[in-house]
Amino acid sequence: MLHATGLCLLLLSTGVSAAIGSGLGLVYVASSLWGVRRALRAQDAERFMLFALGGMSVRLFVALALFALVLAATSVQRPAFVAAFLTLFVIGLVIEIVLVVRHQP
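All of the points below concern the structure found in this document. Bear in mind that the values here come from a model prediction, so they are computed numbers and not experimental data. (Residues numbered from 1 in each chain as written. Predicted model: local features only at pLDDT ≥ 70, side-chain atom pairs only at ≥ 80, totals over all residues. Heavy atoms only, no water.)

We now examine the packing of aromatic side chains. Any two aromatic rings considered together are summarised by their centre-to-centre distance and by the angle between their planes. Going through the model one piece at a time under the given rule, you end up with 4 aromatic pairs. The interplanar angle of 35 degrees and the centroid separation of 4.9 Å between the aromatic rings of F67 and F81 together place this pair among those described as tilted. Within this pair, whereas F67 is found in helix α2 (residues 45-73), its partner F81 is found in helix α3 (residues 78-103), the two being separated by 14 residues in sequence. The exposure class assigned to F81 is buried, which follows from its relative accessible area of 0%. (Phe/Tyr/Trp six-rings, centres within 6.5 Å; stacked < 30°, edge-to-face > 60°. Helix = DSSP H or I, 4+ residues; strand = E, 2+ residues; numbered from the N terminus. Buried < 20%, exposed > 50% of the residue type's maximum accessible area, 1.4 Å probe, protein only.)

Dropping the structure here:
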């Protein structure tokens, strides 16, 4: 497949596409867990909200940019890539919610 930039890109297999999506998802989950732990160490509610919402905004922006870059610059199998990323994204959200709820007094 010839891409608009003139680079010849091969159609990536489903497994490789899922691995790329999983890798992006794992990076998102790891940064999410780091951000939640950082926010939970905040001394007051204002700082907690700053770290929690600010970190989430940055993570989502970066993830969306990387997501779009992968879709635009490579020839991944889109269903496998998206499914793998969204699966880990949802698992990460559940873990993040559980950590915050358990920390409440």
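As a further point, take a positive patch on the surface. On the surface, R37, R38, R41 and R47 cluster together into a positively charged patch. Relative to the elements of secondary structure, R38 occurs in helix α1 (residues 14-40). (Patch = residues over 30% accessible without salt bridge, like charges linked within 9 Å, V, L, I, M, F, W, Y side chains within 5 Å. Areas by Shrake-Rupley, 256 points an atom, 1.4 Å probe, with all protein chains shown as cover. Salt bridge = Lys/Arg side-chain N within 4 Å of Asp/Glu carboxyl O. Lys, Arg positive; Asp, Glu negative; His and termini not counted. Charge placed at Lys NZ, Arg CZ, Asp CG, Glu CD.)

Using the criterion set out here, one finds 1 salt bridge in the structure. In this structure, E96 and R59 form a salt bridge, with 3.5 Å as the shortest nitrogen-oxygen distance. Here E96 is found in helix α3, whereas its partner R59 is found in helix α2, with 37 residues between them in sequence. Considered together, E96 and R59 belong to a single accessibility category, that of buried residues.

The next subject is the packing of α1 against α2. For the pair α1 and α2, interaxial distance at closest approach is 9 Å and the crossing angle is 170 degrees. Classified by the angle their axes make, α1 and α2 are roughly antiparallel. Residue-level inspection shows I20, L24, Y28, S31, S32, G35, R38, A39 and L40 of α1 in contact with α2, the latter providing F48, F51, A52, R59, L60, A63, L66, F67 and V70. (Axes fitted to C-alpha atoms, helices over the stretch in contact; angles between N-to-C directions. Parallel < 35°, antiparallel > 145°, perpendicular 65-115°, else oblique. Contact = heavy atoms within 4.5 Å.)

It is worth spelling out the environment of A18 at this point. Tracing the backbone through its elements, the reader meets A18 in helix α1. Residue classification places A18 among the partly exposed residues on the basis of a relative accessible area of 23%. In this structure the C-alpha to C-alpha distance between A18 and R78, which are 60 residues apart in sequence, comes to 8.9 Å. The residues touching A18, leaving out its near neighbours within four places in the chain, are A80, F81 and A84.

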